[in-house]
Amino acid sequence: MSWGTELWDQYDNLSFHTQKGIDFLEKYGQFIRDRCQIEMEYAGKLRRLVKNHQPKKKEEEDYQYSPCRAFKLVMNEVNDLAGQHEVIAENLQTHIIREVNMLVKDFKEDRKKHLQDGARMMTSLSNQIATLERARKNYEKAFKEAERALDNYQRADADLALSRMDVEKQRTNMTIKSQQCEDAKNEYANQLQKTNDLQAQHYQHLMPDIFQHLQELDEKRIKNIKNFMTQSVDIERSVFPIINQCLDGIIRAADQINEKEDTQMVIERYKSGFIPPGDFQFEDLSALKSGDAQPMIINNAITSIRPEAITVRGTMSANKLKKRVGIFNIFSSNKNNLSPYGENKEDYSDLPPNQRKKKLQQRLEEISAKIQQETAARDGLMKMKGVYEQNPALGDPMSIEGQLNESGHKLDKLRQEQHKFQMYLEDAQDNGASIMNVSPSVPGRRLKSQPPRLINGAGQRNHRHSGGSGGEEESLSRSASDSSVSNPTTNNKQSAPGTPLPSHNPESGLGTSHTSLPDSDEPEPTDIDGNAQPEYYDADQLPALGMCRALYPFEATSEGSIPMYDGEELHIIELDQGDGWTRVRRQGDTEEGFVPTSYIECTLFNNS
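On a predicted model such as this, the values are computed, not experimentally measured, just so you know.

A word on the nonpolar core. One finds Leu 25, Ile 32, Leu 92, Ile 96 and Phe 228 to be the most contacted residues of the largest nonpolar core, which totals 22 residues. At the level of elements, helix H2 (11-52), helix H3 (66-158), helix H4 (164-238) and helix H5 (240-255) are the ones that each hand at least two residues to this core. Looking at this core, the element that brings in the most residues is H3, giving 10 residues. Apart from the residues lying within four places of it in its own chain, the contact partners of Phe 228 are Leu 25, Tyr 28, His 95, Ile 96, Glu 99, Val 100 and Leu 103. Counting 16 residues, the second-largest nonpolar core is a separate cluster that includes Ala 550, Trp 581, Val 584 and Cys 602.

Okay, here's the thing in structure tokens:
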């Protein structure tokens, strides 16, 4: 099948058909272009969807549960799906749209060239036919004139009245016209031959070649459209494995959801560490009225759970968790106290025991990571300095000195902070064990870590300071909620700060009961069973519980603390109860006060 032989006379129709074919190719290219735009828009909307549903900072804690973690993985897979749609759009743009545009341009140029050649050949044939027609007309005219000249000569020759001159004149005219007719006949025959040859060449060779080129052009266009459709499918199919991986990832994310694990996480997240409250004691009012029974003295008793007994964390609290307001109002609360807006303290002492330990462990992990990072940076600087010292041409070793000093300061600061939070954690673990034995709202119970109040025979205890905390019904123990450093024997000389850590000063909440105040009228304290507590020391001076040696010098900056120099030995008259301060007295002197527990090394007397 060939357009040159089958459609030899359809030049105009072929010209129109090839133009429609190129227009269709452009239309297909526009379809692919619109498809790319849709794929890009879809990918963009998927990415926007993922971005809009990313967890907010305030929701990060909730995303520790398995459905939330799985949802984050699903969003990651959807984001990857968006990337695959972008790949489809990019490949269609690169491999199809670009080729379509190039082919359309080439097809238009080739079609124009072939049609111009065909038009030129058709014009040449038309001109030859017109020349043949003119030669034929000239021959026809000359033939008629030759016939008339012959007829005139014959009539003149038959007419005896005419002179011989007139007859000769007619004969000469006849001869001329006959010659002209013969010349016109030869020209006509020549043009006829040329026209037939050109026409045969035109319809048998020239135009068939033009039509053949147009046919090849159109077939190439059709074949490329077929290839483009197949290639577009291959492009889309090539990302199916990755899309399937994304879908498999979504399935795996869904399989990771574990309801039992989430239940346990809820317990770990909200568990306070307290035990449920015990039974309320029955108060026999008739027995009290008749005087048959003595009322039981209950320390720190509460008769009901009051609204104000709920902390900002939603945990029931009892008087045992109150902060000491200070010995004789010497020490005031500091910046570590809970703010009125419910912000956490530095040592998280406002949280329940379990939550506090969890937060402290997280904080220690963060500090450890920073220490490792800073140590690696310092090691790199040391190596660089060593290289510079070996080869001064590479750089000045002293230029690294400032960075090393800065890195050392950062490491010292981080180690101090790490030590501080380690002390917090140890204290939380110690106090947590005590708190676990006491219900936060059970009447008649108190912390095991609270020592019995030390009194003299008159129910008083002299103190070197005046003033008082009024009617505080607390023992002379550090509050379990104000914890810092707890074990004095764990101190070392990794760093020797010049001043106590911010949360380790006496202002962190040391308190006292009014039994240690002069002129206190509180009755003799009793234990849980109502028995009187024994007297531990006289009213003049507190007995020494042991000796301590100062590891670092300390300057007293707060009222109630005393200074000490490095290596000084002091008497311990009251142990650290969890707030990071130990009460000491100078040897051979009556001056006493508080010093940081982390600054001393303690040796207790064996009273057995």
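After that view of the structure, there is still more to cover.
Attention now goes to the pattern of salt bridges. Within this structure, the stated rule accounts for 26 salt bridges. One salt bridge in this structure joins Arg 120 and Asp 117, with 2.9 Å as the shortest N-O distance. Placement of both Arg 120 and Asp 117 in helix H3 is noted, with a separation of 3 residues, approximately one turn of the helix. The partner of Glu 168 in a salt bridge is Arg 171, and the shortest N-O contact between them spans 2.0 Å. In this pair, Glu 168 and Arg 171 are both assigned in helix H4, 3 residues apart and thus about one turn of the helix distant. Judged by relative accessible area, which is 36%, Glu 168 ranks as partly exposed. What makes Arg 171 partly exposed here is its relative accessible area of 32%. Beyond isolated ion pairs, a larger network of salt bridges with shared partners links Glu 133, Arg 136, Glu 140 and Lys 144.

Let us now look at the pairing of strand E3 (residues 581-586). Burial analysis of E3 places 6 of its 6 residues in the buried class, which makes it a mostly covered element. Neither face of E3 is exposed, since Trp 581, Arg 583 and Arg 585 on one face and Thr 582, Val 584 and Arg 586 on the opposite face are all buried. Pairing of strand E2 (residues 569-574) with E3, which is carried by 4 bridges, proceeds in the antiparallel orientation. Opposite Leu 570, over in E3, you have Arg 586 as the bridge partner. Between E2 and E3, which pair antiparallel and follow one another directly, the connecting turn spans 6 residues, one of which, Gly 578, has a positive phi of 120°. As judged from the 5 bridges shared by E3 and strand E4 (residues 592-596), these two strands associate in the antiparallel manner. Paired with Arg 583 across the two strands is Phe 594, which belongs to E4. Counting the residues in the hairpin turn of E3 and E4 gives 5 residues, including Gly 588, whose phi is positive at 70°.

Conventions adopted
- Residues numbered from 1 in each chain as written.
- Predicted model: local features only at pLDDT ≥ 70, side-chain atom pairs only at ≥ 80, totals over all residues.
- Heavy atoms only, no water.
- Core = buried A, V, L, I, M, F, W, Y, C linked by side-chain atoms within 4.5 Å.
- Buried < 20%, exposed > 50% of the residue type's maximum accessible area, 1.4 Å probe, protein only.
- Helix = DSSP H or I, 4+ residues; strand = E, 2+ residues; numbered from the N terminus.
- Contact = heavy atoms within 4.5 Å.
- Salt bridge = Lys/Arg side-chain N within 4 Å of Asp/Glu carboxyl O.
- Pairing = 2+ DSSP bridges.

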